[in-house]
Amino acid sequence: SLLSNLLTMTTKPLNCFLLFCREYRTIFAVTNPELNNAEVTSLLAKNWRTLDPKIKNMYKLRAKKNFKIYKQQFPMKKRELSKQEKMTFSFKLHSLTPIVKKTTVSKPSLKSQEIEQQSFKFVNSS
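Since the model is a prediction, treat every value here as computed from it, not as a measurement.

Engineer: Describe helix α2 (residues 16–31), with residues and values.
Structural biologist: For α2, spanning 16 residues, the distance from its first C-alpha to its last is 23 Å, which sits close to the expected 22 Å at 1.5 Å a residue. At Y24, α2 is deflected by roughly 50°, the largest bend along its length. For α2, the complete set of buried residues consists of C16, L19, F20, C21 and F28. Turning to α2, the residues buried within the fold contact α3 (37–49) and α4 (53–73).

Engineer: Give me the nonpolar core: which residues, what numbers.
Structural biologist: If you look at the biggest cluster of nonpolar residues, it comprises 11 residues: C16, L19, F20, C21, F28, V40, L44, W48, L51, Y59 and A63. Among the elements of the structure, α2, α3 and α4 are those that each provide at least two residues to this core. Counting residues per element, this core draws most heavily on α2, which supplies 5 residues. Beyond its immediate chain neighbours, meaning those up to four positions away, Y59 contacts C16, L19, F20, E23, Y24, W48 and L51.

Engineer: An account of the side chain of K56 is needed here, citing residue identities and associated values.
Structural biologist: Within the secondary structure, K56 sits in helix α4. In this structure, K56 is buried with no salt-bridge partner, the nearest side chain bearing the opposite charge being D52 at 9.3 Å. In contact with K56, other than residues within four places in its own chain, are W48, R49 and L51.

Engineer: Break down the packing of aromatic side chains for me, citing the residues and quoting the values.
Structural biologist: For the coordinates displayed, the defined rule picks out 7 aromatic pairs. Relative to W48, the ring of F20 has its centre 5.3 Å away and its plane inclined at 50°; by these criteria the two rings are tilted. Of this pair, F20 sits in helix α2 while W48 sits in helix α3; the two residues are 28 residues apart in sequence, bridging distant segments of the chain. Of the two residues examined, F20 and W48, each falls in the buried class. A ring pair is formed by F20 and Y59, whose centres lie 5.6 Å apart and whose planes are at 90°; its orientation type is edge-to-face. Here F20 is found in helix α2, whereas its partner Y59 is found in helix α4, with 39 residues between them in sequence. Y59 shares its class with F20; the two are buried. Ring pairing ties together the aromatic residues F17, F20, Y24, F28, W48 and Y59, which thus form one cluster.

Definitions and limits used
Residues numbered from 1 in each chain as written. Predicted model: local features only at pLDDT ≥ 70, side-chain atom pairs only at ≥ 80, totals over all residues. Heavy atoms only, no water. Helix = DSSP H or I, 4+ residues; strand = E, 2+ residues; numbered from the N terminus. Expected span 1.5 Å × (residues − 1). Bend = angle between axes of the 7 residues up to and from the residue. Buried < 20%, exposed > 50% of the residue type's maximum accessible area, 1.4 Å probe, protein only. Contact = heavy atoms within 4.5 Å. Core = buried A, V, L, I, M, F, W, Y, C linked by side-chain atoms within 4.5 Å. Lys, Arg positive; Asp, Glu negative; His and termini not counted. Salt bridge = Lys/Arg side-chain N within 4 Å of Asp/Glu carboxyl O. Phe/Tyr/Trp six-rings, centres within 6.5 Å; stacked < 30°, edge-to-face > 60°.

Structure representation (structure tokens):
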């Protein structure tokens, strides 16, 4: 049954759109034999976008239920990083706040001018 298959799977369950695709791909492919797989997927996506919200909500609820069961079965399962993700550095943009207190001086010192000129810096987020 679907529930027993779901309980034994080790990959993340399908989202609502993929559940819809699984159900209708064969029908769309058979009724449109001239279309390749990518074109069938485009047709599925077009139909998904125009699908009645009540029907779409049924798929959303099924996906949510499947994911809840999955999380109960595999609470500690974490996604592994791909080779490319392991090799890539990610950076965040942080604004600098001036360390020097502003005083009422007629001419700013050289140090405070340098701080004002350098308004952003990149920091490794790892």
